[in-house]
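Fold and contact review
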Amino acid sequence: MPASTEAPDTASPAPYAGLTPDEVLDALWGAGLRADGRLLQLNSYENRVFQAPLEDGRVVVAKFYRPGRWTDAQIAEEHRFALELAAEELPVVPPLSLQAGPRVAPDPHTDTLAHFTTAAGQAFRFAVSERRAGRAPELEEPATLAWCGRLLARMHRVGERQPFTHRRTLDAATFGHGARQRLLDGGFVDPEIDQGWIRASATALEAVDAAFARHGPVHALRLHGDCHAGNLLWREDTGPHFVDLDDCCMGPAVQDLWMLLPGERGAVETALYHLMDGYRDFRDFDDRELLLIEPLRTLRMLHHSAWLAERWNDPAFPIAFPWFASPAHWSQQAADLREQVERMADIG
């Protein structure tokens with residue numbers, strides 16, 4: 001079975017404090033990419049991502065991985081998956097090969113990952129890809145949904161050729177029970193104040209477990225894993241393309257589909273029809289997986305809470321997610337989880 005644990009996060013609360021613009025430029029030059037000195041930091045909370053024009057006219061995007069989150073082998077699997085998808089002419093942006101140079105050493109697993117040491121001795125791992133711009137897709141359009149469905153089916157045909165051996169598996173144990181326990185063990189939930197959330201999360205996980213038990217064994221394959229609208233960009237010449245395989249994992253095919261659906265219950269059925277109509281052009285789909293949409297949504301909610309809690313000491317997170325520290329947060333989360341229990345009961 002593929003590994004389902006992340007690398008232990010032993011990084012400092014402010015892991016990117018030493019990653020100055022000069023250090024980013026030094027890393028690029030050391031890897032054989034002659035940046036012209038301009039940098040634009042792109043929106044990313046988990047990693048640090050920079051757009052950099054090169055002297056030869058190309059524009060690249062450099063991603064510096066959060067220290068301690070993934071092992072080198074897990075990142076290498078992400079890169080190999082992206083390269084495999086690109087080789088099948090799927091619209092993903094694969095990483096570039098990097099050279100060794102001053103303070104830059106290649107990773108033994110793949111030449112698309114490099115290790116960089118700042119002048120102060122801080123270690124980072126980074127990857128570089130070509131810039132691929134685009135706009136948000138119009139997911140209310142039937143043709144757009146069908147196009148996305150066709151591309152995801154092609155991606156899944158590649159994904160089921162072989163399993164990941166180092167990336168985690170999306171299941172109730174990893175994304176649900178493990179996330180809830182980390183919140184409790186880490187002291188992020190007050191047992192005296194947040195009893196509503198403690199009860200609601202336990203009840204929700206019971207419903208998730210029951211849903212997966214009714215489904216039976218899940219056909220797990222390599223997935224994008226975080227296929228929401230923000231990770232899907234539209235280009236007028238080529239249509240949609242996928243970005244950010246940082247959360248690629250093993251799991252059921254429906255995981256890459258449900259996050260493209262609208263949140264309103266009344267609109268889901270129509271959108272799902274068009275998405276699946278395109279998907280079935282290239283790959284069969286087990287309709288039983290549709291019953292896992294609400295359980296998977298519940299797991300994502302719990303996993304997201306654990307992710308925020310574990311990153312809270314990073315100065316970027318309180319700025320970006322100020323509501324997470326509000327007294328009403330866990331009460332609202334409890335209400336949302338109770339709603340998920342009702343949704344899962346409706347489809348049970």
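Residues numbered from 1 in each chain as written. Predicted model: local features only at pLDDT ≥ 70, side-chain atom pairs only at ≥ 80, totals over all residues. Heavy atoms only, no water.

Time to look at the overall build of the protein chain. If you tally the helices and strands in the protein chain, you get 10 helices and 10 strands. Radius of gyration (C-alpha) of the protein chain: 21 Å, near the 20 Å computed for a compact globule of 348 residues. Dimensions of the protein chain, computed from the C-alpha atoms along their principal axes, are close to 60 × 50 × 35 Å. Across the protein chain, the fraction of contacts at a sequence separation of at least 24, relative to all contacts at a separation of at least 6, is 72%. (Helix = DSSP H or I, 4+ residues; strand = E, 2+ residues; numbered from the N terminus. Rg over C-alpha atoms; globule rule 2.2 N^0.38 Å. Contact = heavy atoms within 4.5 Å.)

What follows concerns the packing of helix 8 (residues 293-310) against helix 10 (residues 329-347). Packing of helix 8 against helix 10 brings their axes to within 9 Å, and their N-to-C directions diverge by 165°. With respect to each other, helix 8 and helix 10 are oriented roughly antiparallel. Handedness of the helix 8/helix 10 crossing: left-handed. Contacts from Glu 294, Pro 295, Arg 297, Thr 298, Met 301, Leu 302 and Ser 305 in helix 8 reach Trp 330, Gln 333, Asp 336, Leu 337, Gln 340, Arg 343, Met 344 and Ile 347 in helix 10. Across the contact of helix 8 with helix 10, the residue classes tally to seven nonpolar, four polar and four charged. (Axes fitted to C-alpha atoms, helices over the stretch in contact; angles between N-to-C directions. Parallel < 35°, antiparallel > 145°, perpendicular 65-115°, else oblique. Left-handed = near helix turned anticlockwise from the far one by under 90°. Nonpolar A, V, L, I, M, F, W, Y, C, P; charged D, E, K, R; others polar.)

Overall, the coordinates contain 30 salt bridges when judged by the stated rule. The partner of Arg 69 in a salt bridge is Asp 247, and the shortest N-O contact between them spans 2.8 Å. A residue pair is termed long-range when its members are at least 10 positions apart, and Arg 69 in the loop between strand 3 (59-64) and helix 2 (72-87) and Asp 247 in the loop between strand 9 (239-242) and strand 10 (249-251) qualify at 178 residues. Accessibility classification places Arg 69 together with Asp 247 in one group, the buried group. The partner of Arg 135 in a salt bridge is Glu 138, and the shortest N-O contact between them spans 3.8 Å. A relative accessible area of 31% means that Arg 135 is categorised as partly exposed. (Salt bridge = Lys/Arg side-chain N within 4 Å of Asp/Glu carboxyl O. Buried < 20%, exposed > 50% of the residue type's maximum accessible area, 1.4 Å probe, protein only.)

A word on the environment of Leu 290. Looking at the element boundaries, Leu 290 is found in the loop between helix 7 (265-279) and helix 8. Along the backbone, Leu 290 and Glu 264 are 26 residues apart, and their C-alpha atoms lie at a distance of 16 Å.

What follows covers helix 4 (residues 172-185). With 14 residues, helix 4 should cover 20 Å at 1.5 Å per step; its first-to-last C-alpha distance of 18 Å lies within 8% of that length. Of all bends in helix 4, the biggest is about 30°, found at Gly 178. Within helix 4 the residues assigned to the buried category are Ala 172, Thr 174, Phe 175, Gly 176, Ala 179, Arg 180 and Leu 183. Buried residues belonging to helix 4 abut helix 5 (195-215), helix 8 and helix 10. Just beyond helix 4, the residue with positive phi is Gly 187, at close to 75°. (Expected span 1.5 Å × (residues − 1). Bend = angle between axes of the 7 residues up to and from the residue.)

The next subject is the pairing of strand 5 (residues 114-117). Looking along a regular strand, one sees side chains alternate from face to face of the sheet. Because side chains alternate across strand 5, one face comprises the buried residues Ala 114 and Phe 116, and the other comprises His 115 and Thr 117, none of which is buried. Both strand 4 (residues 104-106) and strand 5 contribute to a ladder of three bridges, which runs antiparallel. Bridge pairing links Ala 105 to His 115 in strand 5. Both strand 5 and strand 6 (residues 123-130) contribute to a ladder of four bridges, which runs antiparallel. Among the inter-strand pairings, Ala 114 is bridged to a residue of strand 6, identified as Phe 126. Between the end of strand 5 and the start of strand 6, which pair antiparallel, lie five residues, with Gly 121 showing a positive phi angle near 95°. (Pairing = 2+ DSSP bridges.)

Moving on: the state of the cysteines. Throughout the structure, instances matching the rule amount to zero disulfides. The structure places no disulfide on Cys 227, whose sulfur is separated from the nearest cysteine sulfur, that of Cys 148, by 7.5 Å. Just so you know, Cys 249 is unpaired, no disulfide at all, and the nearest cysteine sulfur is the one on Cys 248, 7.2 Å from it. Classification of Cys 249 by relative accessible area gives buried; the value is 1%. (Disulfide = S-S within 2.5 Å.)

A few words now on the nonpolar core. Counting 67 residues, the largest nonpolar core has Trp 197 and Leu 299 as its most contacted members. For this core, the leading source of residues is helix 8, giving nine residues. Membership of the second largest hydrophobic core comes to 23 residues, among which are Tyr 16, Leu 19, Phe 50 and Phe 126. (Core = buried A, V, L, I, M, F, W, Y, C linked by side-chain atoms within 4.5 Å.)

Ordered in space as 1-2-3-6-5-4, the six strands form an open sheet in which the pairing is antiparallel. Edge positions in the sheet fall to strand 1 (40-42) and strand 4, since each has one partner strand and no second. Pairs of neighbouring strands in the sheet enclose a mean axial angle of 30°, with direction left out of account. The pairing of strand 2 (residues 48-53) with strand 3 spans six bridges and is antiparallel. Within strand 3, the residue paired with Pro 53 across the bridge is Val 59.

From the geometry alone we can't say anything about function, so treat these as descriptive.
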